[in-house]
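Residue-level listing of the chains:
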Amino acid sequence: MLKVQHLNFAFGHQVILNDLSFTLPDGSITGLVAPNGTGKTTLLRCLCGLLPSGPKVMTLNGIDLYQKRKAYLGQLFFLENSNQLYADLTVIDHLKYVRKMWHSGVDLHTTIASLGMNGYYKKRIRDLSLGMKQHALLAMYLVADAQLMLIDEPLNGLDPTSIRQFERIFAEQKAAGKTLLVSSHQMDSVARVSDNVFFLKDQTILAEANTGQDMMAEYGRIFLGEEAHA
Amino acid sequence: MLSQFALDFKRLARTSTTIVGYLAFMLVLLISFFYSINDGDIGAVRQFDNFTQTMTQLDHDITQLRKDKTPSKADAALLANKAKQKAMIDDVRLAASAEQGTAGMAVTNPDPLNRTVLKLARYQLKETEAGRGDQLVLFKIEGEAFDASVLGRKETVLLYQTLLKQHRHQQYFNALRLPAASYLTAEMRSGRTVLLLLAVLVVLLAEGFALDRRQHTEALRQNLPHGQFSLLLARVAAAGLLGLLTLAAAVGSVYLLIGWHDGWGSWAYPLVYAPTGNTVATVTIGQYGLQWSGLFLLDAFVLAALAALVDLFTRSTGATLASGGAIILAANAAFLTAGLVRPLARFLPSAYLQPGPVLLHQASWSLFEVRGGIAVLIGWSVVLLGLCWLRLQAPATVKTKA
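Asker: I keep staring at the overall build of chain B and nothing clicks. Help me out?
Answerer: Across its full length, chain B holds 15 helices and two strands. Residues counted as buried form 48% of the 402 residues belonging to chain B. A separation threshold of at least 6 residues defines the contact pool for chain B, and within that pool the share at least 24 residues apart is 74%. When the accessible area of chain B is evaluated, it comes to approximately 18400 Å², of which 64% is carbon and sulfur surface.

Asker: Explain the confidence of the model for chain B here, please?
Answerer: All names here are of chain B. Confidence in the prediction for chain B averages 89 pLDDT; 94% of positions are at 70 or higher. Per-residue pLDDT, averaged within each element of chain B, yields its smallest value for helix H4 (residues 73-102) (83) and its largest for helix H12 (residues 317-329) (96). When the criterion is pLDDT under 50, residues 398-402 qualifies, and its contacts beyond four places in sequence or with other chains add up to nine contacts. The ipTM, which scores confidence in the relative placement of chains, is 0.89 for this predicted complex, and the corresponding pTM is 0.87.

Asker: I'm lost on the packing of aromatic side chains in this one. Help?
Answerer: Aromatic rings in a pair are described by how distant their centres are and how their planes are angled relative to each other. All chains considered together, the criterion is met by 13 aromatic pairs over all chains. A centroid spacing of 4.8 Å and a plane angle of 15° characterise the contact between Trp 292 of chain B and Phe 296 of chain B, whose relative ring orientation is stacked. Pair noted here: Trp 292 of chain B and Phe 296 of chain B are both in helix H11 (residues 285-314), with a separation of four residues, about one helical turn. Counting every residue linked through ring pairs, the aromatic cluster contains Phe 77, Trp 102 and Tyr 141 of chain A. Here the guanidinium or amino end of Arg 11 of chain B rests over the ring plane of Tyr 86 of chain A, the centre of that ring lying 3.7 Å away. One Lys or Arg, Arg 346 of chain B, reaches over the ring of Phe 368 of chain B and ends 4.9 Å from the middle of that ring.

Asker: I tried to follow the interface of chain A and chain B on my own but got confused; where do I start?
Answerer: When the parts of a complex come together, some accessible area is lost, and that lost area is often taken as the interface size. Of the residues lining the interface, 28 residues belong to chain A; the matching set on chain B comes to 29 residues. Buried area between chain A and chain B, both sides added, is near 2700 Å², and the carbon and sulfur share of it is 63%. On the chain A side of the contact with chain B, Tyr 86, Tyr 97 and Met 101 of chain A bury the most area, a combined 25% of that side's loss. Between chain A and chain B we count two salt bridges in total. Among the elements that take part in the side of chain A that touches chain B, helix H3 (residues 91-101) of chain A stands out by supplying four residues, more than any other. A breakdown of the residues in the side of chain A that touches chain B according to their chemical character gives 17 nonpolar, four polar and seven charged.

Asker: What should I look at first to understand helix H2 (residues 16-35) of chain B in this one?
Answerer: All names here are of chain B. Along its 20 residues, H2 runs 28 Å from first to last C-alpha, staying within 8% of the 28 Å computed at 1.5 Å per residue. Buried within H2 are the following residues: Thr 17, Thr 18, Gly 21, Phe 25, Met 26, Val 28, Leu 29, Leu 30 and Phe 33. For H2, the elements touching its buried residues are helix H1 (2-13), helix H7 (180-189), helix H8 (191-215) and helix H10 (228-262).

Asker: Whenever I open this one, unusual backbone geometry confuses me. Can you help?
Answerer: Negative phi characterises most residues that are not glycine, and trans characterises most peptide bonds. All names here are of chain A. Even without being a glycine, Lys 56 presents a positive backbone phi close to 60°. Within the secondary structure layout, Lys 56 lies in the loop between helix H1 (40-47) and strand E4 (58-60). Even without a glycine there, the phi angle at Asn 61 is positive, about 50°. Tracing the chain through its elements places Asn 61 in the loop between E4 and strand E5 (63-64). For Asn 61, a relative accessible area of 36% gives the class partly exposed.

Asker: Would you mind going over the state of the cysteines with me for this structure?
Answerer: By definition, a disulfide is the covalent link that joins the sulfur atoms of two cysteine residues. Residues and elements named next belong to chain A. Under the counting rule described, the total for this entry stands at zero disulfides over all chains. The structure places no disulfide on Cys 46, whose sulfur is separated from the nearest cysteine sulfur, that of Cys 48, by 8.5 Å. The class for Cys 48 is buried, based on a relative accessible area of 0%.

Asker: So what exactly am I meant to see when it comes to the pairing of strand E7 (residues 148-152) of chain A here?
Answerer: Here is the key point about a regular strand: its side chains alternate between the two faces of the sheet. Residues and elements named next belong to chain A. Of all five residues making up E7, five are buried, and the element is well covered by its neighbours. Of the strand pairs in this sheet, strand E6 (residues 76-78) and E7 are connected by three bridges, and their pairing is parallel. In the strand pairing of E7, Leu 76 is matched with Leu 148. Note that E7 and strand E8 (residues 179-183) share five bridges and pair parallel. Directly across from Leu 148, in E8, lies its bridge partner Thr 179. Following the backbone out of E7, through helix H6 (residues 160-175) and into the adjacent parallel E8, one traces a crossover that is right-handed.

Asker: Is there a simple way to explain the nonpolar core in this structure?
Answerer: Note that soluble globular proteins tend to have their nonpolar side chains buried in a common cluster. The biggest cluster of nonpolar side chains holds 102 residues, and the ones touching the most others in it are Phe 25, Leu 197, Leu 198, Val 254, Tyr 288, Trp 292 and Phe 296 of chain B. The biggest single contributor to this core is H11 of chain B, with 17 residues. Not counting residues up to four positions away in its chain, the partners in contact with Trp 292 of chain B are Met 188, Val 194, Leu 197, Pro 355, Gly 356 and Leu 359 of chain B. Grouped together as the second largest cluster of nonpolar side chains are 91 residues, Phe 11, Leu 158, Ile 163 and Val 182 of chain A included.

Asker: Explanation requested: the sheet that holds E8 of chain A in the structure shown.
Answerer: Pairing between sheet strands relies on hydrogen bonds along the backbone, with the strands arranged either parallel or antiparallel. All names here are of chain A. Taking strand neighbours across the sheet as the criterion, the six strands line up as E6-E7-E8-E3-E9-E10 in an open arrangement whose pairing is mixed. Two strands lie at the open edges of the sheet, namely E6 and strand E10 (204-209), each paired on one side alone. Averaged over all pairs of adjacent strands, the angle between their axes in this sheet comes to 20°, without regard to strand direction. On the sheet, helix H8 (residues 215-223) packs against strand E3 (28-33), strand E9 (196-201) and E10 and is oriented at approximately 25° with respect to E9.

Asker: Explain the sheet that holds E5 of chain A here, please?
Answerer: Residue and element names in this part refer to chain A. Reading across from one edge, E2-E1-E4-E5 is the order of the four strands in this open sheet, with antiparallel pairing throughout. In the strand order of this sheet, the two ends are held by strand E2 (14-24) and E5, each with one partner. Bridge analysis of strand E1 (residues 2-11) against E2 gives seven bridges, and the strand direction is antiparallel. Opposite Lys 3, over in E2, you have Thr 23 as the bridge partner.

Definitions and limits used
Residues numbered from 1 in each chain as written. Chains lettered and ligands numbered in written order. Predicted model: local features only at pLDDT ≥ 70, side-chain atom pairs only at ≥ 80, totals over all residues. Heavy atoms only, no water. Helix = DSSP H or I, 4+ residues; strand = E, 2+ residues; numbered from the N terminus. Buried < 20%, exposed > 50% of the residue type's maximum accessible area, 1.4 Å probe, protein only. Contact = heavy atoms within 4.5 Å. Areas by Shrake-Rupley, 256 points an atom, 1.4 Å probe, with all protein chains shown as cover. pLDDT = per-residue confidence, 0-100. Phe/Tyr/Trp six-rings, centres within 6.5 Å; stacked < 30°, edge-to-face > 60°. Lys NZ or Arg CZ within 6 Å of the ring centre and 35° of its normal. Buried area = accessible area lost by both parts, 1.4 Å probe. Salt bridge = Lys/Arg side-chain N within 4 Å of Asp/Glu carboxyl O. Nonpolar A, V, L, I, M, F, W, Y, C, P; charged D, E, K, R; others polar. Expected span 1.5 Å × (residues − 1). Disulfide = S-S within 2.5 Å. Pairing = 2+ DSSP bridges. Right-handed = clockwise from strand over helix to strand, strands pointing away. Core = buried A, V, L, I, M, F, W, Y, C linked by side-chain atoms within 4.5 Å. Axes fitted to C-alpha atoms, helices over the stretch in contact; angles between N-to-C directions.

Right, dumping it as structure tokens:
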């Protein structure tokens, strides 16, 4: 369980996150939604310590980021996007590396097969399409086997089949007790997979439980000021 | 951290910089080869010329002394001395001519020439020790430093004693140019070559630390559930080892190229040096090569630690290159013997960046013994890495841009 209390962050005088407090329980998927440039990625960076937040703000299963950084990071996985993969290395190089660095016991070939990557897991990242890279990145999340997965716009560049495949995998991870925080602009997908949705607006979070409401309409209401249709 | 090291090593090895570094190392090592590639019989001819020049000088001196029809006792003794030297150098030239006449044939006997040179060298040593060194006309040995002191004379005697004992030609004799083993040793003794090799190494190290920045792939590394210092050490080890292996590959390639072109030579050939102010000793060029490699390894480690520290503070490849370049530029005798630096020189890493003067006790600046030099290099590495550790303990600062 990730517990965040009074998280503040600013770039210079520009406040990005203002006094955020929330909890992400085990076995849940939380959607993170906001227009571009609002602070979604900044929030994810803060949650994994890439940007400073201060002590006693974030604990993951009771472990404080600032007191036990290594133990904290050992329980999460976050890589912002597939452009940050190592272009000269193969997919399997990345997976082997992640497995060792996170001391994971996940079987690589099972993961590769489950994501349909048998045809290209020995190829270098630079030779892959965006969709293939997104698969490689998701495979790294699965191989790390971390409790908390911070996933930033994972559906970019994916075809509808792959989107469904990713959603299925998210659901499987949730069923396995993992905690997922997934930022996305695909409101229909957010509606399908999320238990809760965080709308990030005016430097703070508006949390909504997913009760089957029209998420696109919610987005329009919150960010575009549109009236909900009866 | 083995996984991080393996990953860093693999990534760095696959960059084009490594290929460029390999070619640069090769070019540096081949400068002398290309310089003399069109010269025939360069070593043997030069050495024979050295003997001939000595002979010409002796002839001239003797002619001048004989003009005096009523020489003093001292002049008569000097004339006798010169005549004796002339007789001996005549024997040397005769033996050298015989040697040159058989050069290129399958088997030649180096002993007659070595014996005559040794005889002359012993005489010169005796005269120098007796304080009559100014009466000598000394000959230069190609590939060896020229030193008119008693120590220098002792070195020449020991060199030819060893060559005679091993039935081995002086390295320039009976060879068109230096064979591979001797060529590489000469390059390893050249201050210019060593400093250029270190400069190429600094470029490889700077590129190694800039890789993530250049490829925008720093994120994963910053998120790893491991200490940042151990990750840094893995990068230092990977960049340093890759640089050294690239150099080793270049050295191996040059050895094959020169060996194919000019012969292989022998790693048992002796190098003569003076470990103290009044004793001389020999080391084989094979042993010298190993010692040189060890010291160069430590040099590389210091430079890698420096590159890590500068990169950590500045995140600038230019600053990393500049700091490495400054350390290398400071490794020249003019700087290390300058007034303010002279008393501190032995504590500076730059004093030990050229393995040749350190191992063969030929430095003109103040130095510790080899073990002391090793301690200085290790000490600097530890200090630089310690500063890296301190830097990584500092709280992260907020970026001003997302």
